[in-house]
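Structural overview
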Amino acid sequence: MAGATCAHLDTITGAAPSDAAGCHECLKMGGHWLHLRRCAQCGHIGCCDNSPGKHATAHFHAAHHPVIRSFEPGETWRWCYVDQLVV
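What comes next concerns the included structure.

Cut-offs and rules
- Residues numbered from 1 in each chain as written.
- Predicted model: local features only at pLDDT ≥ 70, side-chain atom pairs only at ≥ 80, totals over all residues.
- Heavy atoms only, no water.
- Core = buried A, V, L, I, M, F, W, Y, C linked by side-chain atoms within 4.5 Å.
- Buried < 20%, exposed > 50% of the residue type's maximum accessible area, 1.4 Å probe, protein only.
- Contact = heavy atoms within 4.5 Å.
- Helix = DSSP H or I, 4+ residues; strand = E, 2+ residues; numbered from the N terminus.
- Polar contact = N/O pair within 3.5 Å; in protein donor to acceptor, adjacent residues only side chain to side chain.

The next subject is the nonpolar core. Judged by nonpolar contacts, C23, C26, L36, I45 and C47 together constitute the single largest core of five residues. If we skip the residues at most four places from it in the chain, C23 touches W33, L36, I45, G46, C47 and H55.

With that settled, consider the side chain of T57. Relative to the helices and strands, T57 is located in helix α2 (residues 55-63). Of the polar contacts made by the side chain of T57, one reaches the side chain of D49; its length is 2.6 Å. Side-chain polar atoms of T57 contact the side chain of Y81, separated by 3.1 Å. If sequence neighbours within four positions are ignored, T57 has contacts with D49 and Y81.

Taken as a whole, α2 has its buried residues at H55, A56, T57, H59 and F60. Positive backbone phi, approximately 60°, marks H64, located one or two places after α2.

Given below as structure tokens:
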């Protein structure tokens, strides 16, 4: 969608990662992940949708925090679940 903008950039905070060791839920359950995402509002670390748990998306549905950021080294992109945009 050309020219589309995210209406949720104001939800981004400087919250520290919930668990820098990996996906918060996977670590508790002994699960595994492929890629990590950090909630840009509260810092929750969850696994991507290619991971078995899909915990980053589950966090969005539970907490309604719209923007995530890659928690992979060297990646700085963000995604808004609500607007379905890279921001």
